[in-house]
Amino acid sequence: MFNKFLRENKIAAYLLTVLRLYLGYEWLTAGFHKLTGGFDASGFLKGAIANPVKGPDGSIVFGTFVSFLKNFALPNVHIFNVLVPWGEFLVGLGLILGCLTTAAMFFGLMMNFAYIMAGTVSTNPWDILLGVFILAAGLNAGRIALDNWLIPDIRQFAAKEKAYFTRKIKHTV
């Protein structure tokens, strides 16, 4: 019932627009500050590796993630110095414009979870909670935005491509 409200109700579309704009602004400004301020993720990664999230018994909670940071992210920090600021900026832009809203929110949630697993709480739990509403709402979250025009065109293009490949497969069999 609540999911139907999120996905189909016009009032929900307006409420989701407010949430989308708020989260978009937060992501856009965070990414912009990193893009213009000379961002370097190496200190953050070293801190997350040296002080991993631990459970009540003192054991490391996200051991696999810490291994990923130690063995892949830190040695390739130059990639993350580009991906993180541009990712944050583009997630924010996508949410503000309502362009590919669910994709933008999905990647925003992925970054929120990565920050939490690295031990940074900040506003991430709040952002995750709001982001889940946007993601669950699907197209309705971008109804009062560019998705209202863009998604039907994408669906029409995808249907044409599916029909083309279906015909192609039938002819080769």
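Residues numbered from 1 in each chain as written. Predicted model: local features only at pLDDT ≥ 70, side-chain atom pairs only at ≥ 80, totals over all residues. Heavy atoms only, no water.

Q: I keep staring at the nonpolar core and nothing clicks. Help me out?
A: Here is a general trend for soluble globular proteins: nonpolar side chains tend to be buried in one another's company. Grouped together as the largest cluster of nonpolar side chains are 18 residues, with contacts concentrated most on Leu-16, Leu-23, Trp-27, Leu-95, Met-105 and Ile-134. Of all the secondary structure elements, the ones that give two or more residues to this core are helix 2 (10-36), helix 5 (77-97), helix 6 (101-117) and helix 7 (124-137). Ranked by residues supplied to this core, first place goes to helix 6 with five residues. In this structure, Ile-134 is in contact with Leu-16, Leu-19, Arg-20, Leu-23, Thr-101, Met-105 and Ala-141, ignoring residues within four places of it in sequence. Grouped together as the second largest cluster of nonpolar side chains are 10 residues, Leu-45, Ala-48, Phe-65 and Ala-73 included. (Core = buried A, V, L, I, M, F, W, Y, C linked by side-chain atoms within 4.5 Å. Buried < 20%, exposed > 50% of the residue type's maximum accessible area, 1.4 Å probe, protein only. Helix = DSSP H or I, 4+ residues; strand = E, 2+ residues; numbered from the N terminus. Contact = heavy atoms within 4.5 Å.)

Q: What is the right way to read a nonpolar patch on the surface from this model?
A: A cluster of nonpolar residues, Leu-35, Val-82, Trp-86, Leu-90, Leu-93, Leu-97, Leu-146 and Trp-149, forms a patch on the protein surface that exposes about 760 Å² of accessible area. Top contributing element to the nonpolar patch by residue count: helix 5, with five residues. Among the structural elements, Leu-146 can be located in the loop between helix 7 and helix 8 (147-172). You can call Leu-146 partly exposed: its relative accessible area is 39%. (Patch = residues over 30% accessible without salt bridge, like charges linked within 9 Å, V, L, I, M, F, W, Y side chains within 5 Å. Areas by Shrake-Rupley, 256 points an atom, 1.4 Å probe, with all protein chains shown as cover. Salt bridge = Lys/Arg side-chain N within 4 Å of Asp/Glu carboxyl O.)

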